[in-house]
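# Descriptive structure summary
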Amino acid sequence: MNCQELGRILDEQELRWLPAAERASAEAHLAGCPDCARDHQLDLRLAALSIPPLAPKSLAGWRALANSKVIGRSGRMRNRFIIVGVVAALAAAAAMPGWWNRRALEQPVAVLQPVPAATSVPVAQLPEPAAVASQPAAAAIRKYTVQVRLLTRSIDNAELQAAIDQGYAHFINVLRAGPQLTIVPAEQLADFRVTYNAFGPTRPDRIRPDRTWLAFITVEAAERDLAPEQVAAGRRAAASLAKGNFWGNSLSEALGVDGFAVVHSIESSSQFVPGCLPDISTSQPEAVCSFIAVAQQQAESVRLVGLPADVGLEHQLQQRVGDGTLPWQQRHASMQLLAEMARKKPRGADMDQNFLKGALDLIAATPDASDRATLWSMLDYIVRDLKDPVRLLIDAVPREPDEHIRLDAVNMLAKHFPDDPQVRAAMREMAIADASDLVRNAARQAAGGDSEVREYIVAIVKNASLSPTERLRPLAVINSEEQLKDTLGDESVVRAMVEILPDLARDTSQDKPMMMAIGGLGYARTPSAVDALLAVLRAAEDDLADSAYGMLYKSAVITGLSRHRDDPRAEAALLKIASSDANPTARQAAAKVLQGQ
Amino acid sequence: MADANRERFDALVTPHLPLLHRVAWRLVRNSPDANDLVQDTCIAACENLATLAAADHPERWLLRVLQNRFINVNKRRGRAPFVPIDEEAGAAQLASSEPGPEELQQRRDGERALERAFLQLEEAQRTLLALRAEGYDLTEIATITGVGKEVLRARLHRARSSLARHLEQPNDATPRASRPRSAS
């Protein structure tokens, strides 16, 4: 075999189909030809480059485009998603000494804003608020100092420079209003440091064409106040920021070299329109066509998430959420900040009596289901520390018109208030009265009826008169790994899966229950579990070979089979994938399992 | 109407979104640009749902739109995309307590070097390698790109050679588009 012949094989990725002798010949050529081996290695390395999973919010945002009224109007709607808020927040909770010791170690998040499909139309009126249980006041904080510096880079457009300066001045003013906070000169020792970088249109290599300005803000804490693991995390973040990425050159001189560690960072960017720097993170850019509004949100994020507790600001944001006279976008942004704060540290303030009503009003006044789902998920973070679930919240759940959001809301109540008698009573009512069988069963489960729900699920899954979709649908009410294992511990259920899953795999809209079922089969210790996994594998290879879902399911099956390696059929299937699967990612995944990695 | 569009979009586009995201990410190696590429492809799909419905292979139609959008955006931009820290992958890994920073950095350095070399390539070469990495053979890529198979074969050979050259000469980090463009 010569280089040209091997090249044609590699170009078609046909190595796997070659007869053993020819394949050996190809491999022998690869072993003796550095050029061909290099090409082959490059293919493998490129295929193995990491790709982050598709974020559910991105998926929801793209799907929401189909309903957008903006499309087809004057030009296209472009780049209405923007990453705002946190890039990285690296503070850890328990070991933090002193007055800002209540932050939780969090993974970074990128918040992709969905685009509301229409203006706000009330969906349902809510009753007046009942008394809200008061939370303990936040502990008093001692005074602290903050260095603030502005790094403006290459902004030679006078109008943009003026707008950024104006916004930055506002940023400083909002920051300065923080309680117990003193801003000190850059050369003075401080507890925190805030670095503000702004880039303008004269550096097109730094700004994407549709984002003609960008602000990147980091909050660092003095390492002397941090636990060792926080310092390490902050230094890793600083090293990452300083090495080989967009902001590296500008930040390497500032970060991670002089006793500070990154604890919070924010990115904002949008288009520069003369006279206006719209915040395009929302659906109503005209409402905040001002860098002042952007700077306000930046500073509030710094105060709320990066610096010690700020009870006053938290109250202001709660009031904004509940202020029906404000634009939807502004209320939404306030809610987002509160959720961001709640994700990272326990609540620091009393909950305003009207806040929960305001938040539920905002949800009710949001017509787009994906927006409502986002708001409910924000509320999930905010209410988790409530000692009392509050009647308003319980009453709002059955009013949610979307079945799946209602299901999530029921699960949220069950998760946060499992033993609350009010919640259990409401769940019992929903278990009977809700229009959706999914919600009814989730509610029944929340009301304490696990065994009843399990029987229901088993009965449906085994009912051969139903379609595969209908039979697997009840799995959506399962909300814990233990329940899934328990349900799939029934051999008759797993045998039913052997029939259901191959058919259901072809319906790619059912990917969620499919993935749940495949995941559960990995844990099922019943004889048919491997049969079911192999049935899914065959479907992925035969019917979904050209679909991304084929690879998705195959990856899940590989994981499932890795938990059944005592079964020779699982081992054989993994060997086959590792040696001859068309997809290099699958081959690698199976090989890793076989190598025990 | 909106519901009908949503249904058609869900039928024709949504199943391919994971694939589009993967290919877009392979092309630009960062989430903001990848998300923009997919979003623009979705917008094009929304505006052409009837055409898409009539296509023999909606997946290939979408990939072709994504490829064209990628090439057009980069031509306008006139440079290779920047490589920001990725919020979903890079930062998440760096924020993790395991593995340690040195090991993590070493592991990422190899990948980063390959990314940098990849981003030095012509847009067409990147498209070709990205689709190959996703498992498409030259026949399929020919239908997606509209370029003949033999031409693709030659391009693929050049792309690999260029990639290897960039990997061997890591100091040659000048963005491709800032250098004089070749006649081809």
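Residues numbered from 1 in each chain as written. Chains lettered and ligands numbered in written order. Predicted model: local features only at pLDDT ≥ 70, side-chain atom pairs only at ≥ 80, totals over all residues. Heavy atoms only, no water.

## Digging into the overall build of chain B
A count of helical and extended segments in chain B gives 10 helices and zero strands. Going residue by residue from the N terminus, the α and β elements of chain B occur as α-α-α-α-α-α-α-α-α-α. The buried share among the 184 residues of chain B stands at 58%. Here the contacts in chain B between residues at least 6 apart in sequence split such that 70% fall between residues at least 24 apart. Looking at chain B as shown, the accessible area adds up to about 7500 Å², and 50% of this sits on carbon and sulfur atoms. (Helix = DSSP H or I, 4+ residues; strand = E, 2+ residues; numbered from the N terminus. Buried < 20%, exposed > 50% of the residue type's maximum accessible area, 1.4 Å probe, protein only. Contact = heavy atoms within 4.5 Å. Areas by Shrake-Rupley, 256 points an atom, 1.4 Å probe, with all protein chains shown as cover.)

## Comments concerning the overall build of chain A
If you tally the helices and strands in chain A, you get 25 helices and seven strands. The burial tally for chain A puts 55% of its 597 residues in the buried class. Considering only contacts within chain A whose residues lie at least 6 apart along the sequence, 73% involve residues at least 24 apart. A total accessible area of about 23800 Å² is found for chain A, and carbon and sulfur atoms account for 53% of it.

## Thoughts on the nonpolar core
With 52 residues, the main nonpolar core has Leu 46 of chain A together with Val 13, Val 38, Leu 63, Leu 129 and Leu 163 of chain B as its most contacted residues. Element by element, the count of residues in this core is highest for helix H2 (residues 17-28) of chain B, at eight residues. When neighbours within four sequence positions are excluded, Leu 46 of chain A is seen to be in contact with Arg 26, Leu 114, Phe 118, Leu 129, Ala 133 and Leu 163 of chain B. Within the second largest apolar cluster, 49 residues are counted, among which are Ala 342, Phe 355, Leu 360 and Leu 386 of chain A. (Core = buried A, V, L, I, M, F, W, Y, C linked by side-chain atoms within 4.5 Å.)

## Describing the packing of helix H24 (residues 568-580) of chain A against helix H25 (residues 584-594) of chain A
All names here are of chain A. Contact geometry for H24 and H25: axes closest at 7 Å, N-to-C directions at 135 degrees. Comparing their axes, H25 and H24 come out oblique. When you trace H24 past H25, the crossing you get is left-handed. Of the residues in H25, those touching H24 at Glu 571, Leu 574, Leu 575, Ile 577, Ala 578, Ser 579 and Ser 580 are Ala 586, Arg 587, Ala 590, Ala 591, Val 593 and Leu 594. Taken together, the residues of the contact of H24 with H25 break down into nine nonpolar, two polar and two charged. (Axes fitted to C-alpha atoms, helices over the stretch in contact; angles between N-to-C directions. Parallel < 35°, antiparallel > 145°, perpendicular 65-115°, else oblique. Left-handed = near helix turned anticlockwise from the far one by under 90°. Nonpolar A, V, L, I, M, F, W, Y, C, P; charged D, E, K, R; others polar.)

## Notes on the packing of helix H12 (residues 369-383) of chain A against helix H13 (residues 391-399) of chain A
Packed helices, taken two at a time, are described by their axes: the angle between them and the distance between them. Residues and elements named next belong to chain A. At a minimum axis distance of 14 Å, the contact between H12 and H13 shows a crossing angle of 155 degrees. With respect to each other, H12 and H13 are oriented roughly antiparallel. Read as a crossing pair, H12 and H13 show a hand that is left-handed. Only Leu 393, Ala 396 and Val 397 of H13 make contact with H12, whose side of the interface consists of Trp 376, Leu 379 and Val 383. Residue classes in the contact of H12 with H13 are distributed as six nonpolar, no polar and no charged.

## Remarks on the environment of Val 184 of chain A
All names here are of chain A. Relative to the helices and strands, Val 184 is located in strand E4 (residues 181-184). Judged by relative accessible area, which is 7%, Val 184 ranks as buried. Residues Val 184 and Arg 149, spaced 35 residues apart in sequence, show a C-alpha to C-alpha distance of 9.9 Å. If we skip the residues at most four places from it in the chain, Val 184 touches Thr 145, Val 146, Gln 147, Val 148, Leu 189 and Ala 190.

## Quick word on the confidence of the model for chain B
All names here are of chain B. Residues at a pLDDT of 70 or more form 71% of chain B, whose mean pLDDT is 71. Segment residues 172-184: pLDDT under 50, and 18 contacts once partners within four positions in sequence are set aside and those in other chains are kept. Reported confidences for the modelled complex are a pTM of 0.45 and an ipTM of 0.79. (pLDDT = per-residue confidence, 0-100.)

## With respect to the pattern of salt bridges
Counted according to the given criterion, the structure contains 26 salt bridges over all chains. One salt bridge in this structure joins Asp 43 of chain A and Arg 132 of chain B, with 3.9 Å as the shortest N-O distance. Placement of the pair is Asp 43 of chain A in helix H3 (residues 34-48) and Arg 132 of chain B in helix H8 (residues 123-133), with the two residues belonging to separate chains. Across the salt bridge formed by Asp 581 of chain A and Lys 554 of chain A, the nearest N and O atoms sit 2.6 Å from each other. Linking Asp 581 of chain A in the loop between H24 and H25 with Lys 554 of chain A in helix H23 (residues 548-562), this pair joins segments that are 27 residues apart in sequence. On the accessibility criterion, Lys 554 of chain A (9% relative accessible area) is buried. Salt bridges here are not isolated pairs; linked through shared partners, they connect Asp 43 of chain A together with Arg 132 and Arg 160 of chain B. (Salt bridge = Lys/Arg side-chain N within 4 Å of Asp/Glu carboxyl O.)

## Remarks on H12 of chain A
Since there are 3.6 residues in each turn of an α-helix, residues three or four apart along the chain are aligned in direction. Residues and elements named next belong to chain A. Look at H12: 20 Å from first C-alpha to last across 15 residues, which is about the 21 Å you get at 1.5 Å a residue. Most of H12 sits inside the fold, with 11 of its 15 residues counted as buried. Buried residues of H12: Ser 370, Asp 371, Arg 372, Thr 374, Leu 375, Trp 376, Met 378, Leu 379, Asp 380, Ile 382 and Val 383, and no others. (Expected span 1.5 Å × (residues − 1).)

## Quick word on unusual backbone geometry
Phi is positive for Gln 180 of chain A, close to 65 degrees, though the residue is something other than glycine. With respect to the element layout, Gln 180 of chain A can be found in the loop between helix H5 (158-176) and E4. By relative accessible area, which is 36% here, Gln 180 of chain A ends up partly exposed. Unusually for a residue other than glycine, Arg 29 of chain B sits at a positive phi of about 60 degrees. Tracing the chain through its elements places Arg 29 of chain B in the loop between H2 and helix H3 (31-47).

## Details of the pairing of strand E6 (residues 213-222) of chain A
Residue and element names in this part refer to chain A. Burial of E6 is extensive: 10 of the 10 residues sit out of reach of the surface. Relative to E6, strand E5 (residues 192-199) runs antiparallel, the two sharing eight bridges. By the bridge assignment for E6, Thr 195 is matched with Thr 218. (Pairing = 2+ DSSP bridges.)

## Description of helix H11 (residues 355-364) of chain A
Counting buried positions along H11 of chain A yields nine of 10 residues, so the element is predominantly enclosed. Residues of H11 of chain A that are buried: Phe 355, Leu 356, Lys 357, Gly 358, Ala 359, Leu 360, Leu 362, Ile 363 and Ala 364 of chain A.

## Focus: the packing of aromatic side chains
Residues and elements named next belong to chain A. In this structure the tally under the stated criterion is five aromatic pairs over all chains. Between Tyr 168 and Phe 171, the ring centres sit 6.2 Å apart and the planes meet at 15 degrees, which makes this aromatic pair stacked. Residue Tyr 168 and its partner Phe 171 are located together in helix H5, separated by three residues, close to a single helical turn. Here Tyr 168 matches Phe 171 in class, with each residue buried. Between Phe 171 and Tyr 196, the aromatic rings sit 4.9 Å apart at their centres with planes inclined by 75 degrees, giving edge-to-face as the arrangement. Placement of the pair is Phe 171 in helix H5 and Tyr 196 in strand E5, with a sequence separation of 25 residues. (Phe/Tyr/Trp six-rings, centres within 6.5 Å; stacked < 30°, edge-to-face > 60°.)

## Points about the environment of Ala 309 of chain A
Residues and elements named next belong to chain A. You can see Ala 309 is positioned in the loop between helix H8 (291-306) and helix H9 (311-322). For Ala 309, a relative accessible area of 13% translates into the label buried. As for Ala 309 and Gly 178, which are separated by 131 residues in sequence, their C-alpha atoms are 9.3 Å apart.

## With respect to the environment of His 29 of chain A
Within the fold, His 29 of chain A resides in helix H2 (residues 20-32). For the pair His 29 of chain A and Asn 2 of chain A, spaced 27 residues apart in sequence, the C-alpha to C-alpha distance is 7.4 Å.

## Digging into the pairing of E5 of chain A
Extensive coverage of E5 of chain A is indicated by the burial of eight of its eight residues. Residues Phe 192, Val 194, Tyr 196 and Ala 198 of chain A line one face of E5 of chain A and the alternating positions Arg 193, Thr 195, Asn 197 and Phe 199 of chain A line the opposite face, and both faces are buried.

## Concerning the confidence of the model for chain A
All names here are of chain A. Averaged over every residue, the pLDDT of chain A is 72; residues scoring 70 or more account for 70%. Predicted confidence is poor over residues 69-139, with pLDDT under 50, and the contacts of this stretch with residues over four places away or in other chains come to 222 contacts. In this model residues 203-208 is a low-confidence stretch, pLDDT under 50, and it forms 22 contacts with partners more than four residues away in sequence or in other chains.

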